[in-house]
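Commentary on secondary and tertiary structure
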Amino acid sequence: MALEHAILVSLDERSGSGYELARRFEKSIGFFWAATHQQIYRTLKRMVDSGWVSCDEVAQERRPDKKVYEVAEAGRAELARWLASPGEPETIRHELALKVRGASLGDRDALVREVARHRDLHSERLDVFRAIEKKDFPDPSALSGRRLHQYLVLRGGVRAEQALVEWCDEVLAAMREDDRR
């Protein structure tokens, strides 16, 4: 998936400035597709040039004018094309897994601390996802359309974080057991 598609999905949900879009990436979409502010602004410029998004300048008092972006018809057509196109299964690039695989080659105690740190980070993100789920989706059975789709992505995040916490716990337990042998 290209950053353009993540931006199109976000702007289709709600138009906004580059700054607002970057904030959305920090709070929601960024959990699943990360981008820096600079990447977002560069991509928005390309998307305006390609006709996928339109841009209106909005005057502000005591501040520079704000550019507000929204999906244009060409962008909706691109979204439809992309949604219908077959994609490849996700490729997992997991640095921690590679470190665990090479554990016998280095400082195992440092690796155990690193796995524990990752476990805590995934646990914290899981708590964030569960809080979002509780606040934004109190009755999942009543969801449909866009709200259902947002919920389903969040549930994928919950399940992925649960799996990572459990895997880290498994690694830590196995490495402790290995130390006892």
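As named in an unreviewed UniProt entry, the chain is PadR family transcriptional regulator, taken from Saccharothrix hoggarensis.

**A look at the packing of aromatic side chains**
Under the counting rule described, the total for this entry stands at three aromatic pairs. Measuring from ring centre to ring centre gives 4.8 Å for Phe31 and Phe129, while their planes differ by 85°; the resulting arrangement is edge-to-face. In this pair, Phe31 is assigned in the loop between α2 (18-27) and α3 (37-50) and Phe129 in helix α6 (residues 108-136), connecting sequence segments 98 residues apart. With relative accessibility at 25%, the residue Phe31 sits in the partly exposed group. What links up through ring pairs into an aromatic cluster is the set Phe31, Phe32 and Phe129.

**Focus on the packing of helix α1 (residues 3-13) against α2**
Viewed as axis vectors pointing N to C, α1 and α2 meet at an angle of 100°, and their least axial separation amounts to 11 Å. Comparing their axes, α2 and α1 come out roughly perpendicular. Residues Leu3, Ala6, Ile7, Ser10 and Leu11 of α1 form the contact with α2, whose own contacting residues are Leu21, Arg24 and Phe25. When the residues that make up the contact of α1 with α2 are grouped by side-chain class, the tally is six nonpolar, one polar and one charged.

**Some details on the pairing of strand β2 (residues 53-60)**
As defined by bridge partners, β2 adjoins strand β3 (residues 63-71) across seven bridges and the pair is classed as antiparallel. Across the sheet, Val53 pairs through a bridge with Val71, a residue of β3. Here β2 folds back onto β3 in antiparallel fashion, the turn holding two residues, of which Arg62 has a positive phi close to 55°.

**Regarding the UniProt feature "domain: Transcription regulator PadR C-terminal" (unreviewed entry) in the chain**
As annotated by UniProt and renumbered to match this structure, "domain: Transcription regulator PadR C-terminal" (unreviewed entry) occupies residues 92-175. As a span, residues 92-175 carries 80% helix and 0% strand, and end to end its C-alpha atoms are 23 Å apart.

**Here's the deal with the environment of Glu26**
Of note, Glu26 is situated in helix α2. On the accessibility criterion, Glu26 (44% relative accessible area) is partly exposed. The spacing of Glu26 and Thr36 is 10 residues in sequence and 9.1 Å in space, taken between C-alpha atoms. Side chain to side chain, Glu26 and His37 meet in a polar contact 2.9 Å long.

**Quick notes on the pattern of salt bridges**
Summed over all chains, the structure comprises 19 salt bridges. When the shortest N-O distance is used, the salt bridge between Glu78 and Arg81 registers 2.7 Å. A residue pair is termed a helical-turn pair when its members lie 3 or 4 positions apart in one helix, as Glu78 and Arg81 do in helix α4 (residues 73-84) at three residues. On the basis of relative accessibility, which here comes to 11%, the residue Glu78 falls in the buried class. Overall, the relative accessible area of 45% leaves Arg81 in the partly exposed class. Its salt-bridge partner being Glu161, residue Arg125 comes within 3.5 Å of it at the nearest N-O pair.

**Observations concerning the pairing of β3**
Where strand β1 (residues 16-17) meets β3, two bridges bridge the pair, whose relative direction is antiparallel. Residue Gly16 lies in a different strand from β3, and its bridge partner there is Tyr69.

**Remarks on the sheet that holds β1**
Spatial strand order, β1-β3-β2: three strands in an open sheet with antiparallel pairing. The open sheet terminates on both sides in strands that have one partner only, identified here as β1 and β2. Sheet contacts for α1: β1, β2 and β3; angle to β3, the most-contacted strand, approximately 100°.

Conventions used here
- Chains are numbered independently. Their residues run from 1 in the order of the written sequence.
- Restriction of local features to residues with pLDDT of at least 70 applies here, the model being predicted, together with a cutoff of 80 or more for giving and counting side-chain atom pairs; totals for whole chains, interfaces and linings are based on all residues.
- As a convention, hydrogens and water are excluded, and side-chain values are obtained from all of the structure's heavy atoms.
- For this analysis, a ring pair means two rings from Phe, Tyr or Trp (six-membered ring only for Trp) whose centres lie within 6.5 Å, classed as stacked if their planes differ by under 30 degrees, edge-to-face if by over 60, and tilted for the remaining angles.
- Secondary structure is summarised from DSSP: a helix means a run of H or I of at least four residues, a strand means a run of E of at least two, and numbering begins at the N terminus for each.
- Partly exposed residues are those whose accessible area sits between 20% and 50% of the maximum for their type, while under 20% is buried and over 50% is exposed, using a 1.4 Å probe and protein chains only.
- Axes, fitted as lines to C-alpha atoms, cover a helix only where it is in contact. Angles between the N-to-C directions of the axes lie from 0 to 180 degrees.
- Reported orientations rely on four angle classes, namely roughly parallel under 35 degrees, roughly antiparallel over 145, roughly perpendicular from 65 to 115, and oblique for the rest.
- By the convention used here, residues are in contact when the closest approach between their heavy atoms is within 4.5 Å.
- Any residue that is not Ala, Val, Leu, Ile, Met, Phe, Trp, Tyr, Cys, Pro, Asp, Glu, Lys or Arg is counted as polar, Gly included; the first ten are nonpolar and the last four charged.
- Pairing between two strands is assigned when DSSP locates at least 2 bridges connecting them.
- UniProt positions are given in the numbering used here, feature names are shortened, and annotations may be inferred rather than shown by experiment.
- The definition of a polar contact used here is a pair of N or O atoms within 3.5 Å, where within protein one atom must be able to donate a hydrogen and the other to accept one, and adjacent residues in sequence count solely through side-chain atom pairs.
- Just to be clear on terms, a salt bridge is a Lys or Arg side-chain nitrogen sitting within 4 Å of an Asp or Glu carboxyl oxygen.

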